[in-house]
Amino acid sequence: MTPLIEFRGVGMRYAPPLRRPVTALDDVWLDVHAGEVLGIAGPNGAGKSTLISILLGYLRPSSGVVAIDGQEPRTYIQRNGIGYLSELIDVDPRWTVREALTRFATLGGVLDAQIPLRSHQLMEKLGLGDLADRKFKHLSKGNKQRLGLAQAMLREERVLILDEPTHGLDPLWLMRFRGIVAELRRPGRAILIASHNLEELERLCDRVAILDRGRVSRVVEVTRVLPQTAESLWRITVARGAEQLAHVFPEAEDLGRGDWAVYAATLDALNAGLAALIARGVLIAGVAPAQSALELEFHDAVTEVA
Ligand SMILES: Nc1ncnc2c1ncn2[C@@H]1O[C@H](COP(=O)(O)OP(=O)(O)OP(=O)(O)O)[C@@H](O)[C@H]1O
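Residues numbered from 1 in each chain as written. Predicted model: local features only at pLDDT ≥ 70, side-chain atom pairs only at ≥ 80, totals over all residues. Heavy atoms only, no water.

S.K.: Talk me through the overall build of the protein; I want residue IDs and the actual numbers.
M.R.: Secondary structure summary: the protein contains 10 helices and 13 strands in total. Considering only C-alpha atoms, the protein reaches an extent of 70 × 50 × 45 Å along its principal axes. When burial is assessed residue by residue, the protein has 44% of its 306 residues classed as buried. Across the protein, the fraction of contacts at a sequence separation of at least 24, relative to all contacts at a separation of at least 6, is 69%. Surface exposure of the protein reaches about 16000 Å², of which carbon and sulfur atoms provide 51%. Taking the average place of the 36 positive charges on the side chains of the protein and the average place of its 38 negative ones, the gap between the two points comes to 7 Å. (Helix = DSSP H or I, 4+ residues; strand = E, 2+ residues; numbered from the N terminus. Buried < 20%, exposed > 50% of the residue type's maximum accessible area, 1.4 Å probe, protein only. Contact = heavy atoms within 4.5 Å. Areas by Shrake-Rupley, 256 points an atom, 1.4 Å probe, with all protein chains shown as cover. Lys, Arg positive; Asp, Glu negative; His and termini not counted. Charge placed at Lys NZ, Arg CZ, Asp CG, Glu CD.)

S.K.: Could you give me a rundown of the site of the ligand, with the residues and numbers involved?
M.R.: Near the ligand there are 13 residues, and of these Gly45, Gly47, Lys48, Ser49 and Thr50 occur at the shortest range. Here an oxygen atom of the ligand and a backbone polar atom of Gly45 are 2.8 Å apart. Bound to the protein, the ligand loses 64% of the 640 Å² it would expose on its own. Secondary-structure elements contributing two or more residues to the shell around the ligand are strand 2 (22-32) and helix 1 (48-55). Considering every element that reaches the shell around the ligand, the biggest residue donor is helix 1, with three residues. Grouping the constituent residues of the shell around the ligand by class yields six nonpolar, six polar and one charged. (Near = heavy atom within 4 Å. Polar contact = N/O pair within 3.5 Å; in protein donor to acceptor, adjacent residues only side chain to side chain. Nonpolar A, V, L, I, M, F, W, Y, C, P; charged D, E, K, R; others polar.)

S.K.: Could you give an account of the layout of surface pockets, with specific residues and numbers?
M.R.: The volume enclosed by the largest pocket comes to roughly 470 Å³. Together, 20 residues line the largest pocket, and Ile82, Tyr84, Phe104, Gly108 and Gln151 are the ones closest to its centre. Residue assignment for the lining of the largest pocket shows that the elements contributing at least two residues are strand 5 (83-85), helix 3 (97-107) and helix 5 (141-152). In terms of residues, the lining of the largest pocket owes the most to one element, helix 3, which gives three residues. In the lining of the largest pocket, the residues fall into 13 nonpolar, five polar and two charged. (1 Å grid on protein atoms, 1.4 Å probe; cavity = no way out; pocket = protein on both sides within 12 Å on 5 of 7 lines; lining within 4 Å. Points joined across faces, edges and corners; volume = space filled by probe spheres on them.)

S.K.: Now, about the pattern of salt bridges: what can you tell me, with residues and values included?
M.R.: This model, assessed by the stated rule, comprises 18 salt bridges. Here Glu156 ties to Arg186 by a salt bridge, and the two come within 3.1 Å at their closest N and O atoms. Here Glu156 is found in the loop between helix 5 and strand 6 (159-163), whereas its partner Arg186 is found in the loop between helix 6 (171-184) and strand 7 (190-194), with 30 residues between them in sequence. Residue classification places Arg186 among the partly exposed residues on the basis of a relative accessible area of 30%. The residue Arg213 makes a salt bridge to Asp212 at a minimum N-O spacing of 3.9 Å. Residues joined by salt bridges that share partners form a network here, namely Glu6, Arg8 and Asp31. (Salt bridge = Lys/Arg side-chain N within 4 Å of Asp/Glu carboxyl O.)

S.K.: Lay out the packing of aromatic side chains with the relevant residues and their values.
M.R.: On inspection of all chains with the given rule, the structure shows zero aromatic pairs. Here the basic side chain of Lys144 rests over the ring of Phe136, its NZ or CZ set 4.9 Å away from the ring centre. Residue placement shows Arg176 over the ring face of Trp173; its charged tip is 4.8 Å from the ring centre. (Phe/Tyr/Trp six-rings, centres within 6.5 Å; stacked < 30°, edge-to-face > 60°. Lys NZ or Arg CZ within 6 Å of the ring centre and 35° of its normal.)

S.K.: How would you explain the sheet that holds strand 12 (residues 259-264) if you had to name every residue and give the values?
M.R.: Read across the sheet, four strands follow the order 11-12-10-13 without closing on themselves; strand pairing throughout is antiparallel. If you trace the sheet from one side to the other, it starts and ends with strand 11 (253-256) and strand 13 (283-289), each paired once. When strand polarity is set aside, the average angle formed by the axes of neighbouring strands in this sheet is 30°. Pairing of strand 11 with strand 12 involves three bridges; the strand directions are antiparallel. In the strand pairing of strand 12, Glu253 is matched with Ala261. Contacts from helix 9 (residues 267-279) reach strand 10 (232-240), strand 12 and strand 13, with the element oriented near 165° to strand 13. (Pairing = 2+ DSSP bridges. Axes fitted to C-alpha atoms, helices over the stretch in contact; angles between N-to-C directions.)

S.K.: Tell me about the environment of Ala290, residues and numbers included.
M.R.: Summarising the element assignment, Ala290 is placed in the loop between strand 13 and helix 10 (293-301). Residues Ala290 and Ser232, spaced 58 residues apart in sequence, show a C-alpha to C-alpha distance of 8.3 Å. Ignoring any residue separated from it by four or fewer positions in sequence, one finds Ala290 in contact with Leu233, Trp234, Arg235 and Glu295.

S.K.: Give a detailed account of the sheet that holds strand 1 (residues 5-14), specifying residues and quantitative values.
M.R.: Ordered by their spatial adjacency, three strands build an open sheet running 2-1-4, and the pairing between neighbours is antiparallel. Unpaired on one side and paired on the other, strand 2 and strand 4 (63-68) mark the two borders of the sheet. Sheet twist, expressed as the mean angle between neighbouring strand axes with direction ignored, is 20°. Relative to strand 2, strand 1 runs antiparallel, the two being bridged by seven bridges.

See the structure below:
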């Protein structure tokens, strides 16, 4: 199956006047298929924004080829449009939420007759209904982010790019956002999410590309299967009987607030240890990997810069 988005040996070198050139992307190969949600992670300066700018047609790569549905990004976007949530949405501070959405819809080519209903639906979905007449300058950061999401969803584009989409969202909207992304999934659509929040990416994406200093260091298939490494670190939360821990897990480390870090080589060993603790009267309130599988991959993939 041909990917909907293709990066083929893409390089990007900035050459700012009077400053040393910077290689922001170096030989990037990446495919995103229709129906897929792909995460982009990487430390500061890894090249995430540059990659997105190239995909949006704002920048032309210095080398290699980027194609959306087999076309050069600008050509594809002129013909089909693209859903895009920028890291920080910025509009005329005097516009109300309704005005902003209407203008975005007009610019995006939504038919005039469909704009009121479409705007209304999205304002309701994103909890902006009561804020429809509030000016942009009076919106909180989270409200602005939800307005940004609404504008990115105005049209049923096949490509959706979300740059730090959960920035500023409160815990309630963070949870709702997962449902929104699930709803946005379509067999014919590719969704790209750039974020520093690995936990979010792990929940939302099928695969996560980890960028490090301009290169795709690795692409991680995200599964909800717990890591089965030779030696795994687990966080267990103990409601009662913590003094028993050292008998079963001699290297248990107190993380505070009832949380303990314990090593167990396998899931079987972990379960045997938990059973032994329960037999000793320990009341366990929670068990989770101390680091998620994606966090472990991220730390392995990203080399520390001295
Ligand atoms: N316009 C520019 N001119 C010169 N160098 C630039 C320019 N834009 C980005 N860079 C450099 O390119 C590299 C990649 O930057 P980019 O903004 O793409 O990274 P990022 O992964 O999005 O970082 P962050 O997580 O901090 O937003 C960095 O070294 C950055 O300093």
